[in-house]
Amino acid sequence: MSEKSSSSGSDEDVDPESAQHVELGGVLSKWTNYIHGWQDRWVVLKNNTLSYYKSEDEREYGCRGSLCLRKAVITPHEFDECRIDISVNDSVWYLRAEDPEHRLQWIESIELHKAESGYGSETSLRRHGSMLSLTSAASALSATSTSSFKKGHRLREKLAEMETFRDILCRQVDTLQKYFDSCADVVSKDEFQRDRVEEDEEDFPTTARPEGEHNHNNNGSKEKLFSPASPKTMNGIDFKGEAITFKATTAGILSTLSHCIELMVKREDSWQKRVDKELEKRRRVEDAYKSAMNELKKKSHYGGPDYEEGPNSLINEDEFFDAVEAALDRQDKIEEQCQSEKVRIPRLTPVPPGDVYSSIGTHRFAAKVEEMVQNHMTYSLQDVGGDANWQLVIEEGEMKVYRREVEENGIVLDPLKATHAVKGVTGHELCHYFWDTAVRMDWETTIENFNVVETLSDNAVIVYQTHKRVWPASQRDVLYLSAIRKILATNENDPDTWLVCNFSVDHDNALPTNRCVRAKINVAMICQTLVSPPEGDKEISRDNILCKITYVANVNPGGWAPATVLRAVAKREYPKFLKRFTSFVQEKTAGKPILF
């Protein structure tokens, strides 16, 4: 997991509009679908968006999907400590971290980005700026009904009057300012003339003054007289008229303002009622949304990981059984269609002579193989007819299938035993084709893929194989040692006997993963060849050969599949498996020399 910041500089220099969040990237397991299950994906959290890529190396090819976190709902799983569910409307991402600590780190980062992506967040308000009021006003104006325009008609008229009064008042202020400037000029000139007269009197005290330039006050002192400037001589301004008009204009403004205030108060009451109604609607919608989200949390999307096999699966036993039955039916139809269109490619797989398979071997599992062979030869060939613990569940011609019900810690461990008789093939041929991995995919239809992990000897290999998933059950894989042996006869009356045993082992090159449930097996196929004497001097043909098959299987499927489902699948699939395999061997050996 990696973090990096896409912004630079100090916090004071960063523009909130261009600031970027910290980018978070790492590997998370994402639920893809019920066929492929959990798959590792490279997930990136950047710019309030969660995106995923197939891998980190493929980021340059573009993301495979993304979610905007503005309306996302992040739900940590109730039982799985590593899982996160992220939903936006009908889209749900199921993600799993490698441990609870990484899950907590992802949840905190996602919640932080989500909090910063909302319209009401601090950064978003800064980003919208003053345009918010303009756009809001424009949208409000466009959304206003015709009746609202009629109600606001008087207010617009009063505002227009205010504009007119403002223009008149500005002109009057200019006029009065000119008048005051003229008065100031006159006063300045008068003071200048008075100063000059006083200077002249000091220089020439006896000089006679023209008549009319002096006036005697009541105290007998002389006073200089100046003819006052008439207001009408100052650019023709009527100061009194202008003052009266100014007073009327200001009165009109005050009157209009009081009218506007009255209208605004009335409009405020009307809008307050509308706001209260909208708030009530919003409260009801929020309550409905919360209720819907609670229901969504209780019941996840059908087909998600909560509806597959698991300890807390939401699907009940009947639905589980029906889903498995339907999936198996679909697989049967697909297999029938493939078989009808399939042209078998002849494989040159010569069958080695029997003495190659009679040796015990010297590899590290040789003692375990020998122990398994002896146990199967001792117990698997015992007759089950008188044992009350074995129940006959299927009988079709020569085939009989028995089951003994065993459960351990709630997991079905029913041992199965099948007996069958096939004409025209030997035990050597049947065991060879059952063991040979080169032809495994030609007859085994339940396997998705397999590979040989290690070849221990000529008659022992370690095989890893994954089985096709049957939804809603989890996918299973198996790691087992497969050995083929020819059982040496102890007396001349013993039939020619061959055995293949498959039992689970561990190997460093095939460790368990969280994508599959690792099943444990202990399986054996014991084939005994019975030959009836030919008539006269004829050579032995395939018509004189009968192979008696004993197939035993002890399987621990693991997981949490219901017991009824496991028993029903076993009852259905084991007979089909034996028929399919024996028919394949008969087809492969038809017309070929008999191999004992």
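Okay, so let's go over this structure. (Residues numbered from 1 in each chain as written. Predicted model: local features only at pLDDT ≥ 70, side-chain atom pairs only at ≥ 80, totals over all residues. Heavy atoms only, no water.)

## A short note on the overall build of the protein
A count of helical and extended segments in the protein gives eleven helices and 22 strands. A total of 596 residues make up the protein; the buried ones form 36% of that total. For the protein, restricting intrachain contacts to residue pairs at least 6 apart in sequence, the fraction spanning at least 24 positions comes to 61%. In the structure as shown, the protein presents an accessible area of about 36400 Å², 52% of it carried by carbon and sulfur atoms. (Helix = DSSP H or I, 4+ residues; strand = E, 2+ residues; numbered from the N terminus. Buried < 20%, exposed > 50% of the residue type's maximum accessible area, 1.4 Å probe, protein only. Contact = heavy atoms within 4.5 Å. Areas by Shrake-Rupley, 256 points an atom, 1.4 Å probe, with all protein chains shown as cover.)

## Remarks on unusual backbone geometry
Positive phi outside glycine occurs at Asn47, with the angle close to 50°. Mapped onto the secondary structure, Asn47 falls in the loop between β3 (37-46) and β4 (49-53).

## Quick word on helix α11 (residues 563-589)
Taking 1.5 Å of rise per residue, the 27 residues of α11 would be expected to cover 39 Å, and the 39 Å separating its terminal C-alpha atoms lies within 8% of that figure. Following α11 by one or two positions, Gly591 adopts a phi angle in the positive range, close to 80°. (Expected span 1.5 Å × (residues − 1).)

## Considerations on the nonpolar core
The nonpolar side chains of soluble globular proteins are, as a tendency, buried together. One finds Leu430, Phe434, Met525, Tyr551, Phe577 and Phe581 to be the most contacted residues of the largest nonpolar core, which totals 38 residues. Here the element with the most residues in this core is α11; it accounts for seven residues. Among all residues touching Phe577, those that are not within four sequence positions of it are Phe434, Trp443, Glu444 and Tyr551. (Core = buried A, V, L, I, M, F, W, Y, C linked by side-chain atoms within 4.5 Å.)

## Things to note about the pattern of salt bridges
This model, assessed by the stated rule, comprises 24 salt bridges. In this structure, the salt-bridge partner of Asp40 is Arg515, at a minimum N-O distance of 3.6 Å. With Asp40 in strand β3 and Arg515 in the loop between β19 (496-504) and β20 (517-518), the pair connects residues that are 475 residues apart, well separated along the chain. Given a relative accessible area of 38%, Asp40 falls into the partly exposed group. The shortest N-O distance in the salt bridge between Glu573 and Arg572 comes to 3.3 Å. For Glu573, a relative accessible area of 17% corresponds to the buried category. What emerges from the salt-bridge pattern is a single network uniting Glu325, Asp329, Arg572, Glu573 and Lys576. (Salt bridge = Lys/Arg side-chain N within 4 Å of Asp/Glu carboxyl O.)

## Looking at the packing of aromatic side chains
One pass over the full model with this rule turns up eleven aromatic pairs. Ring plane angle 40° and centroid distance 5.9 Å describe the contact between Trp443 and Phe577, whose orientation is recorded as tilted. Here the residue Trp443 occupies a position in helix α10 (residues 440-443), and Phe577 occupies one in helix α11, the gap between them amounting to 134 residues. Assessed through its relative accessible area of 8%, Phe577 is described here as buried. Among the aromatic residues, those joined into a ring-pair cluster are Phe434, Trp443, Tyr551, Tyr574, Phe577 and Phe581. The ring of Tyr52 carries Lys30 above its face, with NZ or CZ at 4.8 Å from the centroid. One residue, Arg440, lies across the ring of Phe450, its end atom 5.8 Å from the ring centre. (Phe/Tyr/Trp six-rings, centres within 6.5 Å; stacked < 30°, edge-to-face > 60°. Lys NZ or Arg CZ within 6 Å of the ring centre and 35° of its normal.)

## Section: the pairing of strand β11 (residues 391-396)
In this structure, β11 lies alongside strand β12 (residues 399-403), joined through five bridges in antiparallel fashion. Within β12, the position partnered with Glu396 by the bridge is Met399. In sequence, β11 turns back onto β12 through a hairpin of two residues, with Gly397 there showing a positive phi of about 65°. (Pairing = 2+ DSSP bridges.)

## Side note on a nonpolar patch on the surface
Taken together, the side chains of Val531, Ile540 and Phe596 define a hydrophobic patch exposed on the protein surface, amounting to about 250 Å² of accessible area. Structurally, Phe596 is set in the segment after α11. (Patch = residues over 30% accessible without salt bridge, like charges linked within 9 Å, V, L, I, M, F, W, Y side chains within 5 Å.)

## Considerations on helix α8 (residues 366-380)
Taking 1.5 Å per residue, 15 residues should reach 21 Å; α8 reaches 20 Å between its end C-alpha atoms and fits that length. Within the sequence span of α8, burial applies to Ala366, Val369, Glu370, Met372, Val373, His376 and Ser380. Along α8, the residues classed as buried sweep out an arc of 160° about the axis, all on the same side. Of the exposed residues in α8, those oriented more than 90 degrees away from the buried face are Ala367 and Tyr379. Packing partners of the buried residues in α8 comprise β15 (416-423), β18 (476-487), β19, β21 (520-531) and β22 (545-556). (Arc of directions from axis to C-beta.)

## Points about the side chain of Lys30
Within the secondary structure, Lys30 is located in strand β2 (residues 22-33). For the buried Lys30, no salt bridge exists, and the shortest N-O distance to an oppositely charged side chain is 11 Å, to Asp85. Discounting residues that sit within four places of it in the chain, Lys30 has contacts with Gly37, Trp38, Gln39, Arg41, Tyr52, Trp93, Tyr94 and Leu95. (Lys, Arg positive; Asp, Glu negative; His and termini not counted.)

## Side note on a negative patch on the surface
Negative charge collects at one region of the surface, where Glu317, Asp318, Glu319 and Asp322 lie side by side. By secondary structure assignment, the location of Asp318 is in helix α7 (residues 317-341). (Charge placed at Lys NZ, Arg CZ, Asp CG, Glu CD.)

## Some thoughts on the packing of helix α9 (residues 427-435) against α11
Packed helices, taken two at a time, are described by their axes: the angle between them and the distance between them. It is the contact of α9 with α11, at a shortest axis distance of 10 Å, that shows an interaxial angle of 110°. The angle between the axes of α9 and α11 places the two elements in the roughly perpendicular class. The element α9 and its partner α11 pack so that their crossing is right-handed. Where α9 approaches α11, its residues Glu429, Leu430, Tyr433 and Phe434 are matched on the opposing element by Phe577, Phe581, Thr582, Phe584, Val585, Lys588 and Thr589. Residue classes in the contact of α9 with α11 are distributed as seven nonpolar, two polar and two charged. (Axes fitted to C-alpha atoms, helices over the stretch in contact; angles between N-to-C directions. Parallel < 35°, antiparallel > 145°, perpendicular 65-115°, else oblique. Left-handed = near helix turned anticlockwise from the far one by under 90°. Nonpolar A, V, L, I, M, F, W, Y, C, P; charged D, E, K, R; others polar.)

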